Amino acid sequence: MNILLFIYNIILVILTPFLSIAGYFIMRKKNKHQYYWERFGFIKIDDFKPEKSIWFHCASVGEVRSIKKITDTLRKTNPECSIIISTMTATGRQTAIDYIKADKAFLLPIENSRAVSVIMSYMNVSLLVIVDTELWPNLIYTASDKVPVFLINGRISDKTFKTYKRFSFIFKKVLNRFTAIMTKSQLDEERFREILGSSNKVITAGNIKFQERKNKADIKTIKELENIKFFLAASTHKGEEEEIISWFNKDMLGFERIVFVPRHIERAAEVKEIIEKNGFSAGLYSNNDFSKQVVIIDTFGMLEGLYLMADKIFIGGSLKKIGGHNIYEALQFEKIIAVGKYMFSFQEIFDTAKEFHLVYVIENKDDALNYLKSSNETKNFIDFFNRIDKINSDTVSIITETIYSVIDNKG
């Protein structure tokens, strides 16, 4: 692995100057260049010099939000420990500040070993917690030489498992650098063990993305959509919009509006064109255009309010082999939702919701019409939420107790 890591770093040294400049202009064109240079280690420290800190690395918003109960618990029991959070996206960075109240948040210096070392030394990092399977070799190798490194919410998808097995001579060495790997499910644990060989460092903790329920009074809604019947297609991906709009006829099955929220909002203009090619009028939220049959949301931060208001909800990423998205974000508002058949990225919450008859699975147009024309049944969500709360509590306990044991041993 040392020779492979050496070659990997030589390639990074050659490519980084070109990629950094090109990347800046691309991100600037998309108006996403704020904090861009933090990705290369230019992080403003100010006077932040904690006595001790725990570093969480999260990909984006969902991962940041998922660690709230863990960070709250750690703050209560270890008030001397600051919480620092790195992310891959600016929106994740802002969520770390606003929602987690991180003592310090920044974009991860991507594969910059020197920057990682400086962060760990200056911020007195006691341990690093990587959320989900974010395997950055230089981050993991540099950090694990200094402090314990944990992986939480570990997952290996079907496709990734094949890759990990094919290149197990690489991934085994990276994964062995973790002090503990805490997986989302028993299947994920078995897959990690197969890559590593029999290992006592892998345990099933559960999925931390079952978030605490929101107070409806705190949710921002869209006044133009209040008190009207609308269908919401949330977090859709390329190839899904065509299929979803094909479920509707000219009278829109009695819905007053259809609302699309593309997973990647930069696709909004593309989605608008798709909708119009299928014979429906479409407007963008940013243009304040609510007179059309279809409204396309092209602004961040609207999804929770839409979940709260929508009459029917479909969660995307599930009609194609993407794996689906977190359906709990909609279920928390006591809405029966629909998904496609590909929900392997959120299998646990999907199976639990199915057990309580809170989710429809759409495999064809007939399934879609059955869902869209069904009455809004009143379901008892109490037992479902009790089950989720128990799962969540157990997961947080396993993770925090493992972290406590390391903190205690380090004094």
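Residues numbered from 1 in each chain as written. Predicted model: local features only at pLDDT ≥ 70, side-chain atom pairs only at ≥ 80, totals over all residues. Heavy atoms only, no water.

- An unreviewed UniProt entry lists the protein chain under the name 3-deoxy-D-manno-octulosonic acid transferase, from Candidatus Mucispirillum faecigallinarum.
- We quote the UniProt Catalytic activity (unreviewed entry) comment for the protein chain here in full: "lipid IVA (E. coli) + CMP-3-deoxy-beta-D-manno-octulosonate = alpha-Kdo-(2->6)-lipid IVA (E. coli) + CMP + H(+)". (UniProt positions renumbered as here; feature names shortened; annotations may be inferred.)

Structural notes on the sheet that holds strand E1 (residues 52–57)
Right, so step 1: Read from one edge of the open sheet, seven strands run E3-E2-E1-E4-E5-E6-E7, paired in parallel fashion. Of all the strands in the sheet, the pair left with one neighbour each is strand E3 (104–107) and strand E7 (202–204). For this sheet, the mean inter-axis angle between neighbouring strands, taken without regard to orientation, is 20°.
Right, so step 2: Bridge count between strand E4 (residues 125–131) and strand E5 (residues 149–154): four bridges; the pairing is parallel. (Pairing = 2+ DSSP bridges. Helix = DSSP H or I, 4+ residues; strand = E, 2+ residues; numbered from the N terminus. Axes fitted to C-alpha atoms, helices over the stretch in contact; angles between N-to-C directions.)

Section: the packing of helix H8 (residues 168–175) against helix H9 (residues 186–196)
Right, so step 1: For the pair H8 and H9, interaxial distance at closest approach is 8 Å and the crossing angle is 110°. Classified by the angle between their axes, H8 and H9 sit roughly perpendicular to one another. In this structure, H8 uses Phe171, Lys172 and Leu175 to contact H9, whose residues at the interface are Phe192, Ile195 and Leu196.
Right, so step 2: For the contact of H8 with H9, the per-class residue count stands at five nonpolar, no polar and one charged. (Parallel < 35°, antiparallel > 145°, perpendicular 65-115°, else oblique. Contact = heavy atoms within 4.5 Å. Nonpolar A, V, L, I, M, F, W, Y, C, P; charged D, E, K, R; others polar.)

Looking at the packing of aromatic side chains
Right, so step 1: Considering all chains together, one arrives at 15 aromatic pairs under this definition.
Right, so step 2: Centre to centre, the rings of tyrosine 285 and phenylalanine 290 are 5.9 Å apart; their planes meet at 85°, and the pair counts as edge-to-face.
Right, so step 3: Judged by its relative accessible area of 10%, phenylalanine 290 is buried.
Right, so step 4: Ring-pair connections join several aromatic residues into one group, and the members of that group are Tyr328, Phe356, Phe381, Phe384 and Phe385.
Right, so step 5: The ring of tyrosine 99 has lysine 68 sitting right over it, with the charged end atom 5.6 Å from the ring centre.
Right, so step 6: The ring of phenylalanine 346 has lysine 184 lying over it, and the distance from NZ or CZ to the ring centre is 5.1 Å. (Phe/Tyr/Trp six-rings, centres within 6.5 Å; stacked < 30°, edge-to-face > 60°. Buried < 20%, exposed > 50% of the residue type's maximum accessible area, 1.4 Å probe, protein only. Lys NZ or Arg CZ within 6 Å of the ring centre and 35° of its normal.)

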